[in-house]
Amino acid sequence: MANHENHGFSTTAIHAGQTPDPVTGAVVPPIVLASTHMQDGVGNLRGGYEYARGGNPTRDALQVQVAALEGATHAFAFASGLAGEDALLRSVLVPGDTIVMGNDVYGGTHRLARRIFGRWDVTVVTVEMTDLEAVRHTVAEHQPKVLWVETPSNPFMKVSSIQDLAEIAHEAGATAVVDNTFATPYLQRPLEWGADVVVHSMTKYLGGHSDVLGGAVVTSNAEIAEQVGFHQFAAGAVMSPFEAWLTTRGIKTLAVRVDRHQENAMAIAEMLAGDPRVAEVFYPGLPSHPGHELAKKQMSGFGGMLSFRLDTGVQAKKFVESTSVFTLAESLGGVESLVNYPCEMTHASVRGTELEVPDTIVRLSVGIESVEDLVADVKKALDSAI
Ligand SMILES: *Cc1c(COP(=O)(O)O)cnc(C)c1O
């Protein structure tokens, strides 16, 4: 493995794990689809490869690439973001343990913790992560094994201090996990702020083209890495070689895509903030956003996700059904712009819980199309909705 520590982000993104094929010189390493590898005598493996659940060259290449970008020693690629989270939680929790998580984490994470791990006697406590005093109090009271942080969060783009939260976790002997899906390692590297583990839905910005489902668990903690590696192998929710290859391909252009995503998002956020028909805009790039200063310190940009509030649920629903460049769909982070109605779509699973999202909120995943088309599309939908 080449040492990428002295290289810039994009050099690492393009070259880590991507050594040209030694046999043919192919600049892009070939996809290895084989489920099993020939042994030169019993147990005499080539490159350590035996059976694809345990290791696959294409998945390994992606894992090297993702670990390098997060500044970690280990990355594990899973069939989805939630499959990775599941393997991580099984690795660090035993029955009777407690997780403390933000009151606005990804709904699927909350559902996994509550409804799957709840059956194994794991308790989930939610707290307002931007309120450090509240977190300190909750952690002291519940003595969790895991502090689960998502920043920026969804859909209000709240920003919380990874450095402070990791300290609070460590004082209580808890593992600090950061879901870095929204920021990506291009904008935020949680391990450098003291987090123990980073998780990703690679389905989003890392894949970047809405054509792959995947997750990653990333860490420099050898003990956690050993456990997660064992769970990846023994429980088997691995990423397929083709999806790993697509994700690696996506990651090579991550920096240029995110640059454009956030340029476009800023233009739309400013336009919305200046429109009197819009009640409130949630984008950390706006100086009016409560997380703006912290985002400037902790991140190197503000990303491509934003939300806004209209006066009524009827207006919000009409808006999401009135765009034409923005496609009405769940998910985020692809090159194409998406519009989402959180309360009935992405956040439907947390209805009736403390994570419920009001029916007046609209979320945009701003793509990399021509900005004038995106701005015009949002204006047109506002005209139709109000
Ligand atoms: C989508 C998402 C997940 C879950 O990932 P899947 O790939 O859909 O399983 C987790 N966290 C965040 C922040 C997400 O946006």
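Calculation criteria
- Residues numbered from 1 in each chain as written.
- Predicted model: local features only at pLDDT ≥ 70, side-chain atom pairs only at ≥ 80, totals over all residues.
- Heavy atoms only, no water.
- Buried < 20%, exposed > 50% of the residue type's maximum accessible area, 1.4 Å probe, protein only.
- Helix = DSSP H or I, 4+ residues; strand = E, 2+ residues; numbered from the N terminus.
- Right-handed = clockwise from strand over helix to strand, strands pointing away.
- Near = heavy atom within 4 Å.
- Polar contact = N/O pair within 3.5 Å; in protein donor to acceptor, adjacent residues only side chain to side chain.
- Areas by Shrake-Rupley, 256 points an atom, 1.4 Å probe, with all protein chains shown as cover.
- Nonpolar A, V, L, I, M, F, W, Y, C, P; charged D, E, K, R; others polar.

*Asks:* Explain the pairing of strand β5 (residues 175-179) to me, and be specific about the residues and the numbers.
*Replies:* Judged by how many residues are buried, β5 sits mostly within the fold: five of five residues are covered. Side chains of β5 alternate between two faces, with Thr 175, Val 177 and Asp 179 and Ala 176 and Val 178 buried alike. In this view, the connection linking strand β4 (residues 146-150) to its parallel neighbour β5 by way of helix α6 (residues 162-171) has right-handed handedness.

*Asks:* Let's hear about the site of the ligand: which residues, and what values?
*Replies:* Around the ligand, the surrounding shell holds 14 residues, and the nearest of these are Gly 81, Asp 179, Ser 201, Thr 203 and Lys 204. A distance of 2.9 Å is found between an oxygen atom of the ligand and a backbone nitrogen or oxygen belonging to Gly 81. In the model, a nitrogen atom of the ligand is placed 2.7 Å from a nitrogen or oxygen of the Asp 179 side chain. Burial of the ligand by the surrounding chains reaches 93%, relative to a free accessible area of 380 Å². Residue contributions to the shell around the ligand peak at three residues, all from helix α3 (residues 81-92). Class assignment of the residues belonging to the shell around the ligand gives a composition of four nonpolar, six polar and four charged.

*Asks:* Quick rundown of unusual backbone geometry? Include the residues and the values.
*Replies:* Cis geometry marks the peptide bond from Thr 151 to Pro 152; its omega dihedral reads -5°. The amide bond that connects Asn 154 to the next residue, Pro 155, takes the cis arrangement and shows omega of 10°. Here Pro 155 is to be found in the loop between β4 and α6. Of note, Gln 143 is a non-glycine position whose phi angle comes to about 45°, a positive value. With respect to the element layout, Gln 143 can be found in the loop between α5 (132-142) and β4.

The values reported here are purely geometric and, on their own, carry no functional implication.
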